[in-house]
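Each chain, letter by letter, is given below.
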Amino acid sequence: MEIKYYIGLAVALFCIGIIGVLTRRNAIIIFMCIEVMLNAVNLLLVAFSKMHAAAAIGTSSPSVVSDAQIFVFFIMVVAAAEVAVGLAIIVMMYRNVHSVDVNFLNRLKN
């Protein structure tokens, strides 16, 4: 497969994530959109890593693990920790406020 298909898919996923973060009011949906944006970046890292490894070796599908792929694993670990902490914050917000609407949090400033 050509790299342009991966780029197109990653751009579409990232745009969906940005639109979701900017338009939604539910904290859980916003959280899911941020995860979609992280996965779009991971997809591009792996695609470019495979493309450059294939160009270096001269084959179309090398079985070499590159630095970008290892970096993707670290991003996944950080995303898993983010999910644990973020969901704990959302659950505590729901317990105290009985809502997951982020506009309600602006009223707590006063």
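Everything discussed here concerns the structure shown above.
Residues numbered from 1 in each chain as written. Predicted model: local features only at pLDDT ≥ 70, side-chain atom pairs only at ≥ 80, totals over all residues. Heavy atoms only, no water.

Some details on unusual backbone geometry
As a reminder, the rule being used: Here a strand is any run of E in DSSP of at least two residues, a helix any run of H or I of at least four, and the numbering for each starts at the N terminus. Partly exposed describes any residue whose relative accessible area lies between the buried limit of under 20% and the exposed limit of over 50%, with all areas from a 1.4 Å probe on protein chains only and scaled to the type maximum.
Within the chain, H98 stands out as a residue other than glycine whose phi angle is a positive 60°. Tracing the chain through its elements places H98 in the loop between α3 (67–97) and α4 (102–107). Residue classification places H98 among the exposed positions, given a relative accessible area of 61%.

Observations concerning the nonpolar core
This is how the line gets drawn: What makes a nonpolar core is a set of buried Ala, Val, Leu, Ile, Met, Phe, Trp, Tyr and Cys residues whose side-chain atoms join them at distances within 4.5 Å.
With 5 residues, the main nonpolar core is built from A27, F31, I90, M93 and V100. At the level of elements, α2 (27–57) and α3 are the ones that each hand at least two residues to this core.

Thoughts on the pattern of salt bridges
Basically, it comes down to this: Salt bridges are defined by distance alone: a side-chain nitrogen of Lys or Arg within 4 Å of a carboxyl oxygen of Asp or Glu.
Taken as a whole, this structure holds 1 salt bridge when the rule is applied. Close ionic contact of K4 with E2 constitutes a salt bridge, the shortest N to O distance being 3.6 Å. Overall, the relative accessible area of 47% leaves E2 in the partly exposed class.

Overview of α3
Stated formally: Expected span, for any helix, means 1.5 Å times one less than how many residues it has.
End to end, α3 covers 44 Å across 31 residues, agreeing with the expected 45 Å (1.5 Å per residue, within 8%). Among the residues trailing α3, H98 stands out with phi positive, at a value near 60°.

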